[in-house]
Amino acid sequence: MSCGELRAGDAGGSVCLRGWVNRRRDHGGLIFIDLRDRDGLTQLVFDPSSPDLPADVFATAERLRAEFVISVNANVRLRLPGTQKADLATGGIEGAVTALTILNESLTPPFVVAGDDDVDENVRLRYRYLDLRRPRMQRNLTVRHKIVKAMRDYFDARGFLEIETPNLIKSTPEGARDYLVPSRVHQGAFYALPQSPQLLKQILMIGGLGRYMQIARCFRDEDPRADRQPEFTQLDVEMTFVEEADVMAMMEGCVIDVWRTALGVSIATPIERLTYEDAIRRFGSDKPDLRFGLELTDVAQIVAGSDFPLFATLAAGAGNRIIALRYPGGAVLSRREFDALAETAKGFGAKGLPYLAFTADGLKGSIVKVVSPEIVAELQRYTAAQTGDALLFVGEAHALASDIAGRLRIEIAERLKLRDPKAFAFCWVYHFPLFERDAETGAITFSHHPFTAPGPGQEDLFDSDPLRVRAQHYDLVLNGYELGSGSIRNHKEAFQRKVFHRLGLDDATIEDRFGFFMEALRFGAPPHGGMALGLDRIVMLACGETSIRDVIAFPKNQLARDLMMDAPSSVPAAALRDLGLSINVKPQPAQL
RNA sequence: GGCGCAGUAGCUCAGUUGGUUAGAGCGCCGCCCUGUCACGGCGGAGGUCGAGGGUUCGAGCCCCUUCUGCGUCGCCA
């Protein structure tokens, strides 16, 4: 019997309950204990006037403190009239204790476990076992379980096999930094922990498994963020004989099913689909937050003839964008506030942030003198700016302008509280470019991963204008977060080799790093494609949290440390000797 | 690696222009209390103001350095 189960109908019976002391209310002659387990709370009464309560039991009850673990025998009875508690599932009954065993005592906890009061995250992580007892983490981990179960059920019902892939694999170049594991048997050689099971799941397809899924742990040695951990979990999926639309439909069905069965929320279908180009044009991001409008408007044509040199120059040059961003109600901002907003924009890479404010008293703004009334009128018409609104202008090279305006769009939405934390706005973004130019080196690199196939009919462009090649690559986006990416993969060795060549890898390098995979492609590799979704982010958004640390039982902090275990840590010299390693940096003294 | 914010009691925080003995709520400890459920009442303990250095007659407060955490940029095929 658990602490959340008893109801009025159980009155008259007797039960054995075990759990933690959530709260005690000691009235001197009468003691109440709220007993807690994962299931809920049950009020226990120690009533010395009752003939069923031995005196020594009451004496023991006086010793009880928060987080003591106890076992009791109790008679279940209805609470006295007027003492029922409506907001508690078990609030109609109580347990009149007849026997008590203290299974374990507890030190005074560093924070109150009975409740979700704010506690410093360091303290929560250091004493994670106490934090895990609190309602928030119990709820979040329960939701996580339900989501994972819904995923497994969904794919099981559709003929997918869950197949485990190894965590000790081969390091392959590019992408994120690998976590490396030194080999004892082969000193000087290293395994890598998988950044994702990408090649393994493709080989499972080559292996004829048809439909694969896995709740897979992935490792990337990059700096953590609120929505990123060095180790994280993906729902990983791969299928043979599919096209883009098949995978998207399968994954869309999954998230709809997960939201319905695990959260009881129905998602509007079909999920909106945006091409990459449209997403950038309308929202300035390839992971647009569709919970609000505030779309970007291109105004180069309108302002081309203005006296503002910046506009005229940008409009004349190819590859530039001039974007107007409507700030509803922004006309009331002071000059100082607009300056601060410009500073924010500069932080995003803008050189400045010209603006117009349509106040009740007329037009104001930094460029009011250099833009003619006709152009202003046209801008107002085109952007649907109302009196009281402001227009912010971003003019830069196309990609930069889009990025800046996209970030400002989020900034404005944040200020106007347009991002409803309870809303779920999914969208697909697809038709990504296959390649992009590395901003620093200028070299051509892949935008997803090098196994993504180009769209049909794109082969000619591949040689003549690779940056314009469209990939069969799709992202699922929720509330401005990228939930995951997928693609149709190259299944012909010759073409995969061509992609590698295009990326600057020579045959020797291909052989060294991907030889096993290239060989597999030569043995009847079927057409295949798939997707991976970030489970932690999904659960985070489903729980209304803003950090994936709150949906992971034992997360790491921003320096990738586990504050409870104090990992990473040094190891004995003998362990290093076994591995043929020596350390050539000074050992860091323990900081904790 | 850059930028921003934060660090004062076990927890959450306040602390004025640099000025007496650094406070509050919760928690904890003791006593009282038979219907509470955030029980209540009375009393009490508890502080390297993250650390180091400096300015000053005097520093929680000002300056420098540093550590830690969070957010973010870089990074994240």
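Basis of the calculations
Residues numbered from 1 in each chain as written. Chains lettered and ligands numbered in written order. Predicted model: local features only at pLDDT ≥ 70, side-chain atom pairs only at ≥ 80, totals over all residues. Heavy atoms only, no water. pLDDT = per-residue confidence, 0-100. Buried < 20%, exposed > 50% of the residue type's maximum accessible area, 1.4 Å probe, protein only. Helix = DSSP H or I, 4+ residues; strand = E, 2+ residues; numbered from the N terminus. Pairing = 2+ DSSP bridges. 1 Å grid on protein atoms, 1.4 Å probe; cavity = no way out; pocket = protein on both sides within 12 Å on 5 of 7 lines; lining within 4 Å. Points joined across faces, edges and corners; volume = space filled by probe spheres on them. Nonpolar A, V, L, I, M, F, W, Y, C, P; charged D, E, K, R; others polar. Axes fitted to C-alpha atoms, helices over the stretch in contact; angles between N-to-C directions. Parallel < 35°, antiparallel > 145°, perpendicular 65-115°, else oblique. Left-handed = near helix turned anticlockwise from the far one by under 90°. Contact = heavy atoms within 4.5 Å. Core = buried A, V, L, I, M, F, W, Y, C linked by side-chain atoms within 4.5 Å. Near = heavy atom within 4 Å. Polar contact = N/O pair within 3.5 Å; in protein donor to acceptor, adjacent residues only side chain to side chain. Expected span 1.5 Å × (residues − 1).

**Some thoughts on the confidence of the model for chain A**
Caution applies to low-pLDDT regions: their predicted coordinates should not be interpreted in detail. On average, chain A scores 93 in pLDDT, and the residues at 70 or more come to 98%. Here the predicted complex carries an ipTM of 0.93, next to a pTM of 0.95.

**Quick word on the pairing of strand 16 (residues 390–397)**
Along any regular strand the residues' side chains alternate between the sheet's two faces. Burial runs high along strand 16: seven of the eight residues are buried. Note: strand 13 (residues 320–327) against strand 16, eight bridges, orientation antiparallel. The partner of Ile322 across the bridge, within strand 16, is Gly395. Where strand 14 (residues 355–359) lies against strand 16, three bridges are found, and the strand directions are antiparallel. Residue pairing for strand 16: Tyr355 is matched across the bridge by Leu392.

**Here's the deal with empty space enclosed by the protein**
With the rule as written, the count across this model stands at one cavity of 30 Å³ or more. If you go around the largest cavity, the residues you meet are Leu125, Arg128, Phe554, Pro555, Asp562, Leu563 and Met564. The residue inventory of the lining of the largest cavity, partitioned by class, reads five nonpolar, no polar and two charged.

**Looking at the environment of Gly515**
Assignment of secondary structure puts Gly515 in helix 15 (residues 507–521). Given the relative accessible area of 8%, Gly515 is considered buried. Sequence-wise, Gly515 and Gly28 are 487 residues apart; in three dimensions their C-alpha atoms are separated by 77 Å.

**Side note on the packing of helix 4 (residues 135–157) against helix 16 (residues 535–542)**
With their axes 10 Å apart at the nearest point, helix 4 and helix 16 run at an angle of 125 degrees to one another. With respect to helix 16, the element helix 4 is oriented oblique. Helix 4 and helix 16 meet at a crossing whose hand is right-handed. Of the residues in helix 16, those touching helix 4 at Asn140, Arg144, Ile147, Val148 and Met151 are Leu535, Asp536, Ile538, Val539 and Ala542. Per-class residue counts for the contact of helix 4 with helix 16 are seven nonpolar, one polar and two charged.

**Observations regarding the nonpolar core**
Of all hydrophobic cores here, the largest spans 45 residues; its most connected members are Ile147, Phe155 and Leu235. In terms of residue count, the dominant contributor to this core is helix 6 (residues 244–263) (nine residues). In this structure Leu235 touches Met151, Phe155, Met213, Gln214, Ile215, Met251, Cys254, Met531, Ala532 and Leu533, once residues within four positions along its chain are discounted. Among the nonpolar cores identified, the runner-up in size contains 25 residues, and Leu294, Leu341, Leu392 and Ile404 belong to it.

**Topic: the side chain of Thr240**
Mapped onto the elements, Thr240 comes out in strand 10 (residues 231–240). In contact with Thr240, other than residues within four places in its own chain, are Met205, Gly210, Pro526, Pro527 and His528.

**Some points on the sheet that holds strand 4 (residues 69–78)**
Remark on secondary structure: sheet strands pair via backbone hydrogen bonds, oriented parallel or antiparallel. What the five strands build is a closed barrel, ordered 1-2-3-5-4; its pairing is mixed. The sheet shows a mean angle of 55 degrees between the axes of neighbouring strands, taken without regard to direction. Two strands pair when backbone bridges link them, and strand 2 (residues 31–37) and strand 3 (residues 40–46) are joined in this way by seven bridges, in the antiparallel orientation. Each bridged residue has a counterpart across the sheet, and for Asp37 the counterpart in strand 3 is Gly40.

**Regarding the protein's contact with RNA strand B**
In the vicinity of RNA strand B lie 50 residues, with Thr83, Asp120, Gly175, Glu222 and His448 positioned nearest. Counting only atoms of RNA strand B within 4 Å of the protein, the sugar-phosphate share comes to 54%. In this structure, a base nitrogen belonging to RNA strand B sits 2.8 Å away from a side-chain N or O atom of Asp223. Residue Arg549 places a side-chain N or O atom 2.7 Å away from a phosphate oxygen belonging to RNA strand B. Contributions of two or more residues to the surface near RNA strand B are made by strand 1 (14–26), strand 2 and helix 2 (121–126). It is strand 1 that contributes the most residues to the surface near RNA strand B, four residues altogether.

**Considerations on helix 6**
If you check helix 6, its first and last C-alpha atoms are 28 Å apart, about what 20 residues at 1.5 Å a residue would give, namely 28 Å. Looking only at helix 6, the buried set comprises Glu244, Val247, Met248, Met250, Met251, Glu252, Cys254, Val255, Asp257, Val258, Trp259 and Ala262. Residue Gly264 follows helix 6 closely and has a positive phi angle near 70 degrees.

**A word on the environment of Arg128**
With respect to the secondary-structure elements, Arg128 resides in helix 3 (residues 128–131). Of the residues examined, Arg128 reaches a relative accessible area of 2% and is grouped as buried. As a C-alpha pair, Arg128 and Ala553 span 425 residues in sequence and 7.9 Å in three-dimensional space.

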